[in-house]
Amino acid sequence: MGAEKQYIELLSAHRTLIDENSAGQINAMRSAAVETLKQNGIPTGKHEDYRHIDMQSLYAPDYGLNFKRLGLRVSGEMYRCSVPGMKPLTAYVIGDVPSVHITENKSGAIITTIREACSAYPEIISKYYGRLSSKSADGTVALNTALAQDGLFIHIPDGVKMTMPLQIVNIMQSPEPLMTNRRLLIVAGRGAEGEILVCDHNFSAAGTLSTQVTEIYAEEGASLQYYEVEETTLKASRVASLFAEQQAMSRLLLDTITLHNGITRNNYDISLAGEGAEIELVGMGIADKTQKIDNYTRIRHIAPRCTSNELFKYILDEEATAIFKGSIIVENRADKSVARQTNKNISLSPSAHVYTEPQLEIYADDVKCGHGATVGQLDESALFYLRQRGIPEAEARMMLMLAFTGDIIEKVRLAPLKERLTYLIDNRLRGGIDRCEGCAMCK
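As recorded by an unreviewed UniProt entry, the protein carries the name Fe-S cluster assembly protein SufD and is attributed to Candidatus Caccoplasma merdipullorum. Recorded in UniProt under Sequence similarities (unreviewed entry), the annotation for the protein is "Belongs to the iron-sulfur cluster assembly SufBD family."

This is how it looks when you write it as structure tokens:
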């Protein structure tokens with residue numbers, strides 16, 4: 001037994017305190033999660049899907065945990081994380097303590113904490129909370145479920161179209177090593193529509209580990225956009241798992257962008273369970289120094305006539321590491337599936353490392369599927385072309401890198417967010433974002 005041992009002992013010693021400061025269905029999932037953790041443990045380097053990041057080392061430190069749920073309620077006046085031109089609803093998560101001032105907005109969408117929802121909407125929580133994540137054998141997911149005490153709950157009822165985007169601001173701020181365990185449950189009903197932006201920030205001087213489990217349910221005909229932007233520090237580690245289940249004719253856009261970090265592991269597990277469902281899963285990371293970004297994806301075509309389009313890109317410099325491992329599984333009854341998976345990488349340094357492994361498993365007939373991966377440097381002929389037209393080399397390189405990120409940014413459907421991300425990426429590539437100093441969105 002490795003790093004998981006301390007957490008199993010901690011849970012045994014403080015189970016009463018943990019349950020007293022949590023609620024209902026969250027507590028009901030805890031015992032089974034502990035058994036999964038005991039059986040499978042935190043992944044080691046021998047685990048095929050975790051070969052390039054030492055997860056045991058991430059979880060080994062003696063982190064503090066906020067079992068008493070001590071937290072600071074914040075407002076827009078205390079901390080701003082805004083996108084110019086976008087007027088969203090805003091919810092904050094301080095460490096792993098949600099601070100929500102919205103219970104139900106004018107459009108009819110419900111935005112509250114999972115603890116409050118256990119009392120106010122018990123039938124919805126019982127139906128959805130943990131249903132997807134509990135099927136995972138991953139020890140990091142099990143540990144999150146075992147330790148989580150609260151989270152955010154977003155329910156967009158049947159036919160409801162959110163009139164404003166929702167922005168969730170995750171803030172880590174601790175003078176001592178701290179571990180947080182966040183949960184996010186999103187349920188989009190039949191024909192519902194919504195846009196959600198999640199921003200991760202970290203002001204901690206000490207090393208931190210944030211874990212998050214997100215579950216997204218898109219019912220028949222639902223349309224949902226979900227964006228993640230991480231801008232943390234070299235001392236920040238993040239392990240996040242997102243599970244999504246889509247029913248017939250639903251549309252889901254998942255877009256994740258890592259601007260600055262320490263070590264990041266993102267897991268995406270998508271099930272296209274209803275005929276005609278569509279998923280766009282896109283991501284981008286910019287890394288230098290000793291930063292690591294690891295994106296692991298699994299898209300399962302379960303029903304016929306579903307479409308998946310997956311695109312991940314990295315720009316690496318110095319001694320940074322990027323990992324992409326993606327699998328698309330087309331099951332035997334998923335005829336007429338269309339699936340595309342692409343990973344493209346630019347390495348600006350001989351010391352940077354890229355590991356890429358796209359995979360297809362096809363068990364159905366009459367499908368259109370493809371995958372590919374590239375690792376290279378900036379196009380020298382294009383660089384020469386720009387320099388011949390009087391553009392300085394440094395600026396020419398910047399133009400090529402920005403062009404490389406262009407198709408990721410084009411996937412963003414919120415115009416103000418697209419404009420702001422274009423600025424932030426340009427700023428990051430020029431060295432303007434070196435650590436989290438508040439929110440770069442509003443600088």
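Q: Hey, could you go over the nonpolar core for me, with residue numbers and the actual values?
A: By size, the foremost hydrophobic cluster in this structure holds 51 residues, and its most contacted members are I154, I168, I196, I216, Y226 and L254. Sorting elements by how many residues they give to this core places strand β16 (residues 321-330) first, with four residues. What I154 contacts, discounting residues up to four positions off in sequence, is I110, I111, L166, I168, L184, L185, I186, V187 and I196. Counting residues in each nonpolar core, the second largest holds 37 residues, with M284, M401, I408 and I425 among its members.

Q: Could you give me a rundown of the pattern of salt bridges, with the residues and numbers involved?
A: In total, this model carries 32 salt bridges according to the counting rule given. With its nearest N and O atoms 3.5 Å apart, the salt bridge here joins E215 to R183. Note that E215 is positioned in strand β8 (residues 208-218) and R183 in strand β6 (residues 178-188), a separation of 32 residues in sequence. With respect to class, E215 is no different from R183; both count as buried.

Q: Describe in detail the side chain of R30, supporting the description with residues and values.
A: Counting through the fold element by element, R30 comes out in helix α3 (residues 30-40). Residue classification places R30 among the buried positions, given a relative accessible area of 0%. Beyond its immediate chain neighbours, meaning those up to four positions away, R30 contacts R15, I18, D19, S22, T145, A146, L147 and A148.

Q: Quick rundown of the side chain of N266? Include the residues and the values.
A: Mapped onto the elements of the fold, N266 is located in strand β12 (residues 263-272). For N266, the side chain forms a polar contact with the side chain of R238, separated by 2.6 Å. Engagement of the side chain of N266 in a polar contact is seen with the side chain of N295, the distance being 3.1 Å.

Q: Before we move on, can you summarise the packing of aromatic side chains with the specific residues and values?
A: As enumerated under the stated definition, the model contains four aromatic pairs in all. A ring pair is formed by Y121 and F153, whose centres lie 6.2 Å apart and whose planes are at 40°; its orientation type is tilted. Pair noted here: Y121 is in the loop between α5 (114-120) and α6 (122-128) and F153 is in strand β4 (residues 152-156), with a separation of 32 residues, a long-range link. Since its relative accessible area comes to 0%, F153 is described here as buried. The positively charged end of R265 is found above the aromatic ring belonging to Y50, 3.8 Å away from the centroid.

Q: A description of the packing of helix α1 (residues 4-20) against α3 should follow, citing residues and the corresponding values.
A: Between α1 and α3, the shortest axis-to-axis distance is 11 Å and the interhelical angle comes to 170°. Taken as axis vectors, α1 and α3 run roughly antiparallel relative to one another. From α1, E4, I8, L11, R15, I18 and D19 reach across to α3, where they touch R30, S31, V34, L37 and K38.

Reading guide: rules and limits
Residues numbered from 1 in each chain as written. Predicted model: local features only at pLDDT ≥ 70, side-chain atom pairs only at ≥ 80, totals over all residues. Heavy atoms only, no water. UniProt positions renumbered as here; feature names shortened; annotations may be inferred. Core = buried A, V, L, I, M, F, W, Y, C linked by side-chain atoms within 4.5 Å. Buried < 20%, exposed > 50% of the residue type's maximum accessible area, 1.4 Å probe, protein only. Helix = DSSP H or I, 4+ residues; strand = E, 2+ residues; numbered from the N terminus. Contact = heavy atoms within 4.5 Å. Salt bridge = Lys/Arg side-chain N within 4 Å of Asp/Glu carboxyl O. Polar contact = N/O pair within 3.5 Å; in protein donor to acceptor, adjacent residues only side chain to side chain. Phe/Tyr/Trp six-rings, centres within 6.5 Å; stacked < 30°, edge-to-face > 60°. Lys NZ or Arg CZ within 6 Å of the ring centre and 35° of its normal. Axes fitted to C-alpha atoms, helices over the stretch in contact; angles between N-to-C directions. Parallel < 35°, antiparallel > 145°, perpendicular 65-115°, else oblique.

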